Amino acid sequence: MKHAEGNPDELKKKFWQALADSPVLFLQLEGDSSTAVPMSPQLDKDANSSIWFFTHTKSDFCRLGPVTATFESKGHDIFARFNGNLVRETSQKRFDQFWNNFVEAWYDGGKDDPDIFFMRMDLGDAEIWNSDLGLLNTAKMALGITVHEEAEERHVDKVDI
């Protein structure tokens, strides 16, 4: 049975807005669920194929390589799972762009702390869900009426983010 698929461009836009409004996601190294931890991505509105992270040199993420991220928005209406590849970011310009008081609070030595590891996640594909089904569909669910097709219209499987 083939289901309708949501509008990828619309869901991508909602995803990026939701991530900017609630900038915490779970990140884990591929194949190692023990590395899954909440991280704060640093976003550049003009760079929609990468996100950046500050971490500690003792972090498992310093191994770099393939990762998976999962995200749930503040309002629980946007959910996403996406993959990518971690690489060390060497651009001082990017480092300075994303450095702020919230990042500095994690490092005793401030911007010059030798334990800072700055990395970039080059994004792969994603699966995005928009769970905001609206009042009518919420009423249908309360009555036990099927809303599966409406839900599928708010879902995109395998989209480049």
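Everything below is about the structure printed above this text.
What comes next is a walk through the structure. Because the structure is a prediction, the values reported are computed rather than measured.

## Overview of the packing of aromatic side chains
Think of a pair of aromatic rings as described by two things: how far the centres are apart, and how the planes are tilted against each other in angle. Counted under the stated rule, the structure contains 10 aromatic pairs. Arranged with centres 5.9 Å apart and planes meeting at 90°, the rings of Phe15 and Phe71 form a pair that is edge-to-face. In this pair, Phe15 is assigned in helix H1 (residues 8-21) and Phe71 in strand S4 (residues 65-72), connecting sequence segments 56 residues apart. With relative accessibility at 1%, the residue Phe15 sits in the buried group. You can call Phe71 buried: its relative accessible area is 3%. Look at Phe54 and Phe118: their rings are 4.6 Å apart centre to centre, the planes differ by 25°, and that puts the pair in the stacked class. Remark: Phe118 occurs in strand S6 (residues 116-130) and Phe54 occurs in strand S3 (residues 50-56); sequence separation between them is 64 residues. Take Phe54: its relative accessible area is 11%, and that puts it in the buried class. The structure contains a cluster of three or more aromatic residues connected by ring pairs, namely Phe54, Phe95, Trp99, Tyr107 and Phe118.

## Here we look at the side chain of Ser22
Among the secondary structure elements, Ser22 is positioned in the loop between H1 and strand S1 (25-29). Once residues within four sequence positions are removed from consideration, Ser22 is found in contact with Phe71, Glu72, Ser73 and Lys74.

Parameters at a glance
Residues numbered from 1 in each chain as written. Predicted model: local features only at pLDDT ≥ 70, side-chain atom pairs only at ≥ 80, totals over all residues. Heavy atoms only, no water. Phe/Tyr/Trp six-rings, centres within 6.5 Å; stacked < 30°, edge-to-face > 60°. Helix = DSSP H or I, 4+ residues; strand = E, 2+ residues; numbered from the N terminus. Buried < 20%, exposed > 50% of the residue type's maximum accessible area, 1.4 Å probe, protein only. Contact = heavy atoms within 4.5 Å.

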